[in-house]
Amino acid sequence: MELFSSRDFWKSLLVTVYYVLGTVPPSLVLSFAIAYMLSGRIRGRSIFRTVYFLPYITSSVAAAMVWAWIFHPTSGVMNYILGLFGISPQKWLQEPTGIFSLLIGKIGIDIPEWAGGPSLALVSIMIFTIWQSLGFDVVIFLAGLTSIPEELYEQAKLDGANRWNLIRHVTIPLLSPTIFFLLIISTIRAFQAFNQIYVMTIGDPGGPLGTTRNITMFIFQNFYAFTRVGYGASGAIVLFAIILGLTIIQLKYVGRRVHYL
Amino acid sequence: MSLKAKSERFLLYLFLTVGAVVVGFPFFWMVISSLKPLEDVVKFPPTIIPTRWMFSNYIEAWKSAPFARYFINTLLVASLVTIGVLLTSSLAAYAFALMEFKGKSFIFSLFLATMMVPYEVTLIPNFVLIRKLGWYNTYAALIIPWSCNAFSVFLLRQFFMNIPKDLFDAARIDGCGELGMLWRVAIPLSTPAILTVSLFSFLGSWNALLWPLVVTSSEDMRVLQVGLAVFLREEGTQYHLLMAAASFTIAPIVVLYFILQRRFIEGIVLSGLKG
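A short note on the overall build of chain B
In terms of helices and strands, chain B carries 15 helices and zero strands. Its C-alpha radius of gyration of 24 Å places chain B more than 25% over the 19 Å reference for a compact globule of 275 residues. The principal-axis extents of the C-alpha atoms in chain B amount to approximately 75 × 70 × 35 Å. Looking at chain B residue by residue over its 275 residues, the buried ones come to 35%. Contacts in chain B between residues far apart in sequence, at least 24 positions, make up 74% of those at least 6 positions apart.

The following block contains the structure:
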């Protein structure tokens, strides 16, 4: 009960939701696009696949270190690249301001804090997460795509379908078990994320103004740093309830729309 | 090929190549930064080619923390976890796939239910248990809790169930016991699944951070990932050394990946599609 009246807890819940929404859909869309392109007659498919998959197997501690270095506020290469496009340097992992506030603030409009969106610090971590999980999704999508029989495409083409129709009415319905599987797996993973967030904000646990403290970090910090074990444990139970609830909803509503061949 | 088809192909390759460059860039940047002297690293705008090639960064990074110890610990833990997982999951999978006993389906669904529980939920109870057992800060705490997992059991069971029953019957007539059938029939016929389970147990253990962080305290018990995180906290600004340490931590797994690449990819697909 004490938990529900804690501001930190609700904040960490919001961070978790931002994180899930900011990593799962972009990663699925991007990896679908890549897998779709790789599934055609492509030279060097296995080389592309190897490269895209590489981040998935590297340790997230080491990779997060590298990304923290890329996002370094004074000598990071990301600011340099942005500079090439005329964009001013950002503080990345140390920036508590919401991404929407930053973007819209550029054109001189102030928006209220609650609508500011995830902090740039959290967005940086999301970028890193998408980078790391992309390869896994690509490989699974690719396996699903190659299992769709060629005749179905031929048939649809004879019926006068253009490429977009094909994707919309043949590929996506037939791929729906794969999409569904990836959706569930990546949602669960995003809810449980720890390594990425812990390592990228190691100097400042929880990130600037606590804007990167998700539920797992909340549990960990309560348990480890503040030794409030019961508090951490009840956070864990809430997390479990949410994941369980979401998975059931996904199974029920999304699962019904899955087409099996 | 028409002009439209040609330009489409060009765009496709362009997109894929740009994507691959973006994905590969952090690795490139890590290695380049690890070979730069300190004054290059903090320079802005950054240069690509180091003014001096500092291979000595690797030696310096290696020496500034007991990385040899971390590597040995990690190798030991990851190998024993893998062996443990193989042992427990093949036995359990065999029982669930081929033996009849009371409450089988109930126990199996209980098994599967554990996959649904996120590990953070069990983190604190497990920690308390480890403390009570007196395993805090020992290898046992790092190895034993991870030596069994429902997913491996599930994957192997699927494989065992697809082996023709006749083979088992033949083995039984030849005087094979249950263990003999597991060892001589089920396992040899499920090599892809066995390899997948080993590969992912090893990889998962090698890359684990949260659990080892929680159950170990002394330096000589640290595994590589924890050691690396501590190194990061202590040497936070020595980016050339951090990148060198990141490089040699990633290297063994990348080498393993290049050797067993097909296995990795097939394994992912296998676990993904069956799971």
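Remarks on the overall build of chain A
Helices and strands together make up the secondary structure of chain A, namely 11 helices and zero strands. Buried residues in chain A amount to 43% of all 261 residues. Of the contacts formed within chain A by residues at least 6 apart in sequence, a portion of 69% connects residues at least 24 apart.

Let's talk about helix H3 (residues 60-70) of chain A
An α-helical turn contains 3.6 residues, so any two residues separated by three or four positions project in the same direction. Taking burial as the measure, the 11 residues of H3(A) include 11 buried ones, the bulk of the element. Every buried residue belonging to H3(A) is among Ser60(A), Val61(A), Ala62(A), Ala63(A), Ala64(A), Met65(A), Val66(A), Trp67(A), Ala68(A), Trp69(A) and Ile70(A), and all of these are buried.

Quick look at the interface of chain B and chain A
On the side of chain A, 54 residues touch chain B, which itself brings 54 residues to the contact. If you tally residues by element for the side of chain B that touches chain A, the top one is helix H1 (residues 3-34) of chain B, at 12 residues. A breakdown of the residues in the side of chain B that touches chain A according to their chemical character gives 42 nonpolar, nine polar and three charged.

Focus: the domain arrangement of chain B
Taken domain by domain, chain B holds domain 1 (3-58) and domain 2 (65-234). For domain 1 of chain B versus domain 2 of chain B, the distance between C-alpha centres works out to 38 Å.

Let's talk about the environment of Leu246(A)
Residues and elements named next belong to chain A. Residue placement: leucine 246 occurs in helix H11 (residues 229-254). By C-beta crowding, leucine 246 is classed as partly exposed, having 15 other C-beta atoms within 10 Å. For the pair leucine 246 and phenylalanine 128, spaced 118 residues apart in the sequence, the C-alpha separation amounts to 24 Å.

Overview of unusual backbone geometry
Excluding glycine, residues mostly carry a negative phi; peptide bonds, for their part, are mostly trans. A positive phi angle, close to 55°, is found at Leu209(A), a residue other than glycine. C-beta crowding within 10 Å serves as the criterion here: with 14 such atoms nearby, Leu209(A) is assigned to the partly exposed category. At Asn137(B), a position not held by glycine, the phi torsion is positive, near 60°. With respect to the element layout, Asn137(B) can be found in the loop between helix H6 (119-133) and helix H7 (139-143). When the 16 C-beta atoms within 10 Å are taken as the criterion, Asn137(B) is described as partly exposed.

Description of the environment of Leu251(A)
Residues and elements named next belong to chain A. Along the chain, leucine 251 turns up in helix H11. Note on leucine 251: 13 C-beta atoms within 10 Å, which makes it partly exposed. Sequence spacing of leucine 251 and isoleucine 184 is 67 residues, and the spatial spacing of their C-alpha atoms is 8.6 Å.

Details of the packing of helix H1 (residues 7-38) of chain A against helix H8 (residues 163-192) of chain A
All names here are of chain A. Across the interface, H1 lies against H8 with an axial gap of 9 Å and an inter-helix angle of 145°. The handedness of the crossing between H1 and H8 comes out as right-handed. Contacts from Thr16, Tyr19, Val20, Thr23, Val24, Ser27 and Leu28 in H1 reach Leu182, Leu183, Ser186, Thr187, Ala190 and Phe191 in H8. Grouping the constituent residues of the contact of H1 with H8 by class yields eight nonpolar, five polar and no charged.

Considerations on the nonpolar core
Ranked by internal contacts, the top residues of the largest apolar core, which has 130 residues, are Ala64(A), Met65(A), Val66(A), Trp67(A), Met200(A), Leu242(B) and Ala246(B). Considering every element that reaches this core, the biggest residue donor is helix H6 (residues 120-146) of chain A, with 14 residues. Both domains that meet at this core, namely domain 1 (3-58) and domain 2 (65-234) of chain B, each give it at least three residues. Excluding anything up to four places from it in sequence, Met65(A) contacts Val199(A), Leu232(B), Leu242(B) and Ala246(B).

Section: the packing of helix H13 (residues 224-234) of chain B against helix H14 (residues 239-259) of chain B
Residue and element names in this part refer to chain B. The geometry of H13 relative to H14 is characterised by a closest axis approach of 10 Å and an angle of 170° between their N-to-C directions. Compared by their axis directions, H13 and H14 come out roughly antiparallel. Listed contacts from H14 to Leu224, Leu228, Phe231 and Leu232 of H13 are Leu242, Ala245 and Thr249. Of the residues assigned to the contact of H13 with H14, the class counts are six nonpolar, one polar and no charged.

Brief notes about H6(B)
All names here are of chain B. The end-to-end C-alpha distance of H6, which contains 15 residues, comes to 20 Å, matching closely the 21 Å that a straight helix rising 1.5 Å per residue would cover. Along H6, the largest kink reaches about 30° and is centred on proline 125. Along H6, the positions that sit buried rather than exposed are Glu120, Val121, Leu123, Ile124 and Ile130. A positive backbone phi angle near 75° is found at glycine 134, which sits one or two residues after H6.

What to know about the confidence of the model for chain B
Overall, the predicted model of chain B reaches an average pLDDT of 88, with 97% of residues at or above 70. Here the predicted complex scores 0.87 on pTM and 0.87 on ipTM.

A word on the environment of Ile127(A)
Residues and elements named next belong to chain A. In this fold, isoleucine 127 is placed in helix H6. The class of isoleucine 127 is partly exposed, set by 18 C-beta atoms lying within 10 Å. In the structure, isoleucine 127 is positioned 103 residues away from glycine 230 in sequence and 33 Å away in space, judged by C-alpha atoms.

Rules of the game
Residues numbered from 1 in each chain as written. Chains lettered and ligands numbered in written order. Predicted model: local features only at pLDDT ≥ 70, side-chain atom pairs only at ≥ 80, totals over all residues. Helix = DSSP H or I, 4+ residues; strand = E, 2+ residues; numbered from the N terminus. Rg over C-alpha atoms; globule rule 2.2 N^0.38 Å. Buried ≥ 20, exposed ≤ 12 C-beta atoms within 10 Å, placed from the backbone. Contact = placed C-beta atoms within 7 Å. Nonpolar A, V, L, I, M, F, W, Y, C, P; charged D, E, K, R; others polar. Domains from an automatic or database assignment. Axes fitted to C-alpha atoms, helices over the stretch in contact; angles between N-to-C directions. Left-handed = near helix turned anticlockwise from the far one by under 90°. Core = buried A, V, L, I, M, F, W, Y, C linked by C-beta atoms within 7 Å. Parallel < 35°, antiparallel > 145°, perpendicular 65-115°, else oblique. Expected span 1.5 Å × (residues − 1). Bend = angle between axes of the 7 residues up to and from the residue. pLDDT = per-residue confidence, 0-100.

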